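Below are the chains, spelled out letter by letter.
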Amino acid sequence: MRIAEALGRGRPCFSFEFFPPKSAEATGALLSTIDELRELKPTFVSVTYGAGGSTRDLTLDLVRRIKRERGLEAMAHLTCVGHSRAEIARILDDHRDAGVENVIALRGDPPRGETVFRPAPDGFAHASDLVAFIRQCGHSFCLAAACYPEGHIECGDRNVDLENLRTKVRAGVDFIITQLFFDNAFYFDFVSRARAVGIDVAIIPGIMPITNVDQVERFSKLCGATIPMRLALELERRRTDPEAVAELGVAMATLQCAELLDRGAPGIHFYTLNKSPATRMILTALQARSR
C-alpha cells in the first residue's frame, strides 16, 4: 500500500517509528512492542536508518519482517550519509525487490563524532537531491520527507528553510512528516506558511511522548525543538520521579494530539523509541474520542 493513498481517505492516519535493534534480545523486545501496537491498527510504521548506513541491512530486514510476519505496512528510512549514487541505487533496488513500497528520503545526521555533514564522494548533499535521484531512477516508491516546524537547526532563516522544503517536495515527495515539537502553534503556523508558498502535500505532525526528562532535553537540543516554559517547569518538578514524568508526558501528548486532529492534522506519527506503553495509552484515548 502506498501511504499517500491512505492519507487521502478522510480518516486520521496513525503511525509509529522504530529503530533497528542491534541484538537478538532487543529484536525480540521490539517485535513484542510491535505486536502490542499492532492491535491499534496503525496505518503504517517506519524503520530508521543508522548514520553512514550502519543499520542498512537491519532496516531492510525489519521492514520485511513487519510487512510479511506482522501484516503492517512499513516505510524504510534512507539517508545520504556515507553513500555514493551507485550505492544508493543498489539499496533502492534491494528495497524494490523486497516489496517495499514506501521510503522516507532524508539527508541524515553526521556520523557519531562529527559535527558537520559532508557528502560522500559522488553522493548527495541534500535530501532534495536524493528525492530527485530516486525519481530519475524510475522507482515508483511513495516518497516521504522530513520538515521542521521551528526551522532546521542548521538553517538560521525559516524562510530559507521553507524554500528548501518546497524544492524537496517539487522533486517528487508525496507527503511530509514533521520533526518533534511540543507547542502546536509551531505546527499550525508552519502549515499555513507552507500552503502559502504552494506546498500542498499532507503534513503529518511527529509527536514524541515524554517519558524521561534528560532524554527529551537531549533530543530537543539536537533537533532545535522548544520545550514550553510551563512544561519545562512541570518536568523539572518531577525529574526524580519517572512514573510522574511518564504520566505527565502521556497527558500532555494526548491533549496535544487531540488539538492537532481537531484542527485538521491528517494524522499523528509517534516517535516511540521502541517502547509501547505511552504510545498505546495516547492512541487508545484518541481512538476512543472518535467513536
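Refer to the structure presented above.
Here is a short report on the structure shown in this document. (Residues numbered from 1 in each chain as written. Predicted model: local features only at pLDDT ≥ 70, side-chain atom pairs only at ≥ 80, totals over all residues. Heavy atoms only, no water.)

## Let's talk about the packing of aromatic side chains
Selection rule: We call Phe, Tyr and Trp rings a pair once their centres come within 6.5 Å, taking the six-membered ring for Trp, and we label the pair stacked below 30 degrees between planes, edge-to-face above 60, and tilted otherwise. Secondary structure elements are taken from DSSP: a helix is a run of H or I of four residues or more, a strand is a run of E of two residues or more, and numbering for both begins at the N terminus. Only protein chains enter the accessibility calculation, which uses a 1.4 Å probe; a residue whose area is less than 20% of its type maximum is buried, one above 50% is exposed, and one in between is partly exposed. Put simply, a charge is over a ring when the Lys NZ or the Arg CZ is close to the ring centre, within 6 Å, and near the line of the ring normal, within 35 degrees.
Tallied over the entire structure, the rule returns five aromatic pairs. Where Phe44 meets Phe175, the ring centres are 6.2 Å apart and the plane angle is 65°; that geometry is what we call edge-to-face. Here Phe44, found in strand E2 (residues 44-47), pairs with Phe175, found in strand E6 (residues 175-180); they are 131 residues apart in sequence, far enough to count as distant. Comparing Phe44 with Phe175, the two get one shared label, buried. With centroids separated by 5.8 Å and ring planes inclined at 10°, the aromatic side chains of Phe181 and Tyr187 adopt a geometry described as stacked. The pair Phe181 / Tyr187 is uniform in exposure class, with both members buried. In this arrangement the basic side chain of Arg263 is found over the ring face of Phe188, its NZ or CZ atom lying 3.8 Å from the centre.

## Examining the state of the cysteines
Condition: Here, a disulfide means two cysteine sulfur atoms that sit within 2.5 Å of each other.
Overall, the coordinates contain zero disulfides when judged by the stated rule. Cys147 supplies the cysteine sulfur nearest to Cys155, a cysteine that is in no disulfide, at a spacing of 14 Å.

## Points about the nonpolar core
Cut-off, in case you're wondering: The nonpolar core is taken to be a set of buried Ala, Val, Leu, Ile, Met, Phe, Trp, Tyr and Cys residues, with the residues joined through side-chain atoms within 4.5 Å. Here a residue-residue contact requires only that any non-hydrogen atoms of the pair lie within 4.5 Å.
The biggest cluster of nonpolar side chains holds 66 residues, and the ones touching the most others in it are Ile176, Phe270 and Leu286. With residues near it in sequence (within four places) discarded, Ile176 still touches Ala145, Cys147, Leu165, Val169, Ile199, Val201, Ala202, Ile203 and Ile204. Ranked by size, the runner-up nonpolar core spans 27 residues in total, among them Leu106, Ala146, Cys223 and Leu235.

## Focus on the layout of surface pockets
Empty space among the atoms becomes visible once a probe the size of a water molecule is rolled across them. What counts, and what does not: A pocket here means an open set of points on a 1 Å grid, computed over the protein atoms alone, that has protein on both sides within 12 Å along at least five of seven lines. A cavity is instead a set of points where a 1.4 Å probe fits but cannot get out; residues with an atom within 4 Å of a point line either one. Grid points are joined across faces, edges and corners, and a volume is the space filled by probe spheres set on the points.
There is about 350 Å³ of room inside the second largest pocket. In this structure, the second largest pocket is lined by 14 residues; those nearest its centre are Arg11, Pro12, Cys13, Phe14 and Thr43. Those elements giving two or more residues to the lining of the second largest pocket turn out to be strand E1 (13-18) and helix H11 (277-289). Ranked by residues supplied to the lining of the second largest pocket, first place goes to H11 with three residues.

## Section: the pairing of strand E7 (residues 202-207)
Worth spelling out the cut-off: Strands were regarded as paired on the criterion that DSSP finds at least two bridges between them. Seen with the strands pointing away from the viewer, any crossover whose path from the first strand over the helix to the second strand runs clockwise is right-handed.
Most of E7 is tucked away, with five of its six residues classed as buried. Taken together, the four bridges between E6 and E7 define a ladder with parallel strand orientation. Bridge pairing links Ile176 to Ile203 in E7. Once you follow E6 into helix H7 (residues 184-196) and on to E7, the crossover reads as right-handed.

## Notes on helix H2 (residues 24-38)
To keep it simple, the criterion reads: The span expected for a helix works out to 1.5 Å for each residue beyond the first. The arc in question is formed by the directions pointing from the helix axis toward the C-beta atoms.
Relative to the 21 Å expected for 15 residues at 1.5 Å per residue, H2 spans 21 Å between its end C-alpha atoms, a close match to the ideal helical length. Residues Leu30, Leu31, Thr33, Ile34 and Leu37 constitute the buried set of H2. End-on, the buried residues of H2 take up no more than an arc of 155°, which puts them together on one face. Among the exposed residues of H2, those pointing more than 90 degrees away from its buried face are Ala24 and Glu25.

## Regarding the pattern of salt bridges
To keep it simple, the criterion reads: Whenever Lys or Arg places a side-chain nitrogen within 4 Å of a carboxyl oxygen from Asp or Glu, that contact is recorded as a salt bridge.
Inspection of the entire model under this criterion finds 22 salt bridges. Of the charged contacts in the structure, one is a salt bridge between Arg238 and Glu234, with a shortest N-O distance of 2.5 Å. Taken together, the residues span about one helical turn, with Arg238 and Glu234 both in helix H9 (residues 229-238) at a distance of four residues. Connected through salt bridges with shared partners, the residues Asp35, Arg38, Arg65, Glu69 and Arg70 form a single ionic network.

## Topic: the environment of Glu69
This is how the line gets drawn: Polar contacts here mean pairs of N or O atoms no more than 3.5 Å apart (in protein, one a potential hydrogen donor and the other a potential acceptor; neighbouring residues in sequence count only if both atoms are side-chain atoms).
By secondary structure assignment, the location of Glu69 is in helix H3 (residues 56-70). With relative accessibility at 44%, the residue Glu69 sits in the partly exposed group. Among all residues touching Glu69, those that are not within four sequence positions of it are Arg38 and Arg64. A polar side-chain atom of Glu69 sits 3.0 Å from a polar atom in the side chain of Arg70.

## A closer look at the pairing of strand E3 (residues 74-79)
In terms of residue burial, E3 counts as a mostly covered element, since six of its six residues are buried. Neither face of E3 is open: one carries Ala74, Ala76 and Leu78, the other Met75, His77 and Thr79, and all of them are buried. Both E2 and E3 contribute to a ladder of three bridges, which runs parallel. Each bridged residue has a counterpart across the sheet, and for Val45 the counterpart in E3 is Ala74. For the handedness criterion, the β-α-β arrangement of E3, helix H4 (residues 85-97) and strand E4 (residues 102-106) is classed as right-handed.

That's the geometry; what it means functionally is another story.
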